[in-house]
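Listed below are the residues making up each chain.
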Amino acid sequence: MKTIRIGSGAGYAGDRIEPAVELMEKGNLDYIIFECLAERTIALGQKEKQRDGTKGYNPLLEYRMQHILPLVKEKRIKVVTNMGAANVKAAADKTMEIAKSLGIDGIKIAYVTGDDLGKNLEAFSDHDVLETGCKLKDMGVNIISANAYMGAEGIMEALRNHADVIITGRVSDPALVIGPLAYEFGWDMEKDLDRMGQAVLAGHLLECAGQVTGGYYADPGYKEVPDLERLGYPLAEIDESGTFIITKVEGSGGLVTTDTCKEQMIYEIHNPEEYYTPDAIADFSKVTFTQVGKDRVEAEHAVSKGKPGQLKVSIGYEDCYIGEGEISYGGSNCLERAKLAEEVVRKRLEITSAVLEEYRCDYIGYNSLYRDAISERLCDGNRSEIRLRISGRTKDEWNATLIANEVEALYTNGPAGGGGVVKRVEQVVSVCSIFISREDVTASVDYLEIP
Amino acid sequence: MKLKEIAHSRTGDKGEISNISLIAYDRKDYDILKEKVTCEKVKDYFREICKGEVVRYELEELGALNFVLDKTLGGGVTRSLALDKHGKSLGMALLEMEI
């Protein structure tokens, strides 16, 4: 039976490169994916592109391509990645330039566009915004970017045209895996519902790379993971029935067990019976995992309920400012001095007429993660140090700066013995979502080639 | 007994929603999780953090529950003032729950 081997070389924009190289060298791969887009990444990339028209793609693209292009050629592994972010063409041009500089020939680079709706957003101004409930035109904000989550169509078209490296902007994370599978096995998204469900599951398990091979899992005394510093990234061996095995390269760190797979399957899916992706509404509720060998887990029984009629569009906008500052206090009276410091800052912000939308105080080492009720129960009462953190959301930079500066001023004006001040002011780019008909989005594929 | 003796957890996010799994190490403990860890109990446990509805999904085959907590991430991961804007550490708090 035909089997396809797909590795995962990155689970986020800044992920490690060595595990990807290890997979390409030793994993006997047919494909490797690099998933590098978080919710806000494209909006931030768009701002970068506005400053420099040749930028706006993943900042590690050059570094990664330098390492992987020689292996693409040597091992005939195809690369599928969303590293194009806000400037897919520039990412493809840069990849081409690197291929030439490495003396690589016989390589075809495809870039998939069509996700960027920034220029046509007016057409959707009457659509409801998911997060706020108001219409898009009533948001009253400066919109930076608007990108539809596309499915695997563009990737499949690129594969039909024999591309070796496929660079996209916003596509759903699982689409990076669904594209190769549907292309290789000729699956019909509307008819092969069992196989499409499995394709989504494979994509979902691979998209965060190390998170299914023991990354984000270790808990000493409860869940031990060997050699995290050499964590191996996952690969899936998928056969034409859709059944697949998650594994990793022998000798790499980490582990693949039914428990690592369960944690990653449930991660961020909300309703397991209806996990929405552009290519399939997947039902993971009957999924089973079976340990079939050391670091080998078989996954079965995901199904698709068909394609959704609508696609999500992620809209980035200039939102607000956040100002924050931190300072540490030590000694047995540390919490009391930190509380006094907080009182000073709060009163100073009143005196200076700072305008805040929201104010927050955290005592790091005490309640910054779980607030008071849970923290009190977990704490035995003895503290040798506390780090005060004060933050506030504001409409403008000036008021955010007031917060940060008042924390810094605790050095000479606050309680005794404060140290290690850090302050930060930043403009916040947020994202909101609308849903549009899938007919309103069309993937386009272009090619660059060194014969 | 604390939940962490019989279960493990991972937390993810989308917008203002936190998604916390609770997975029995041993399938036979799944019924205990189902009985003891109700939506009401989770909502009350995270009352200072979760300002919305808690929905629980049951994964019988895996022996796991999935809790989806609305309005939990301080206005959304981008604009939240919390140190842990994604709420990634919330699952570890859930495992500290006494049952």
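Residues numbered from 1 in each chain as written. Chains lettered and ligands numbered in written order. Predicted model: local features only at pLDDT ≥ 70, side-chain atom pairs only at ≥ 80, totals over all residues.

K.L.:
I keep staring at the domain arrangement of chain A and nothing clicks. Help me out?
P.N.:
As a measure of interface size, the accessible area lost when the parts come together is often cited. Partitioning chain A into structural domains gives domain 1 (3–115 + 150–308) and domain 2 (317–433). Distance between the C-alpha centres of domain 1 of chain A and domain 2 of chain A: 39 Å. (Domains from an automatic or database assignment.)

K.L.:
Could you clarify how one ought to interpret the sheet that holds strand β13 (residues 303–304) of chain A in this entry?
P.N.:
Strand pairing in a sheet is mediated by backbone hydrogen bonds. Such pairs are either parallel or antiparallel. Spatially, β9-β10-β13 (chain A) is the arrangement adopted by the three strands of the open sheet, whose pairing is antiparallel. Strand pairing shows two members of the sheet lacking a second neighbour, β9 (275–277) and β13 of chain A, which therefore form its edges. (Pairing = 2+ DSSP bridges. Helix = DSSP H or I, 4+ residues; strand = E, 2+ residues; numbered from the N terminus.)

K.L.:
Can you walk me through the environment of R296(A) in this structure?
P.N.:
All names here are of chain A. Counting through the fold element by element, R296 comes out in strand β12 (residues 296–300). Accessibility expressed as a C-beta count within 10 Å gives 15 for R296, which makes it partly exposed. A C-alpha to C-alpha distance of 6.2 Å links R296 and V256, two positions 40 residues apart in sequence. Sequence-distant contacts of R296, that is, excluding residues within four places in its chain, are made with I245, T247 and V256. (Buried ≥ 20, exposed ≤ 12 C-beta atoms within 10 Å, placed from the backbone. Contact = placed C-beta atoms within 7 Å.)

K.L.:
Before we go on, may I ask you to explain the nonpolar core in this structure?
P.N.:
Considering soluble globular proteins, one finds that nonpolar side chains tend to be buried as a cluster. I6(A) and I166(A) are the most contacted members of the largest nonpolar core, which has 139 residues in total. Of the residues forming this core, the biggest block, eight residues, is contributed by helix α7 (residues 193–206) of chain A. Here this core gathers at least three residues from each of two domains, domain 1 (3–115 + 150–308) and domain 2 (317–433) of chain A. Not counting chain neighbours up to four residues away, the residues in contact with I166(A) comprise V79(A), V80(A), A110(A), V112(A), I155(A) and A158(A). The next biggest cluster of nonpolar side chains, apart from the first, holds 23 residues, and it includes C320(A), V345(A), A400(A) and A82(B). (Core = buried A, V, L, I, M, F, W, Y, C linked by C-beta atoms within 7 Å.)

K.L.:
Would you explain the interface of chain B and chain A in this entry?
P.N.:
Of the residues lining the interface, 28 residues belong to chain B; the matching set on chain A comes to 41 residues. Elements supplying a minimum of two residues to the side of chain B that touches chain A: β2 (11–14), β3 (17–24), β4 (54–59) and β5 (64–69) of chain B. Looking at side-chain class alone, the side of chain B that touches chain A contains 10 nonpolar, nine polar and nine charged residues. (Nonpolar A, V, L, I, M, F, W, Y, C, P; charged D, E, K, R; others polar.)

K.L.:
I'm lost on the packing of helix α9 (residues 334–351) of chain A against helix α11 (residues 397–408) of chain A in this one. Help?
P.N.:
A packed helix pair is summarised by two numbers, namely the angle formed by the two axes and the spacing between the axes. All names here are of chain A. Put simply, α9 and α11 touch, their axes get as near as 10 Å, and they point 135° apart. The angle between α9 and α11 places the two elements in the oblique class. In the crossing of α9 with α11, the sense of the turn from one axis to the other is right-handed. Each of V345, R348 and L349 in α9 lies in contact with α11, whose residues at this interface are L402, I403, E406 and V407. Grouping the amino acids of the contact of α9 with α11 by side-chain chemistry returns five nonpolar, no polar and two charged. (Axes fitted to C-alpha atoms, helices over the stretch in contact; angles between N-to-C directions. Parallel < 35°, antiparallel > 145°, perpendicular 65-115°, else oblique. Left-handed = near helix turned anticlockwise from the far one by under 90°.)

K.L.:
I would appreciate a short explanation of the pairing of strand β11 (residues 288–293) of chain A in the present structure.
P.N.:
Along any regular strand, the residues point their side chains to alternate faces of the sheet. All names here are of chain A. In terms of strand pairing, β11 meets β12 through five bridges, oriented antiparallel. Looking at the pairing, F289 lines up with A299 of β12. The antiparallel pairing of β11 with β12 creates a hairpin that spans two residues between the two strands, and D295 there sits at a positive phi of about 55°.

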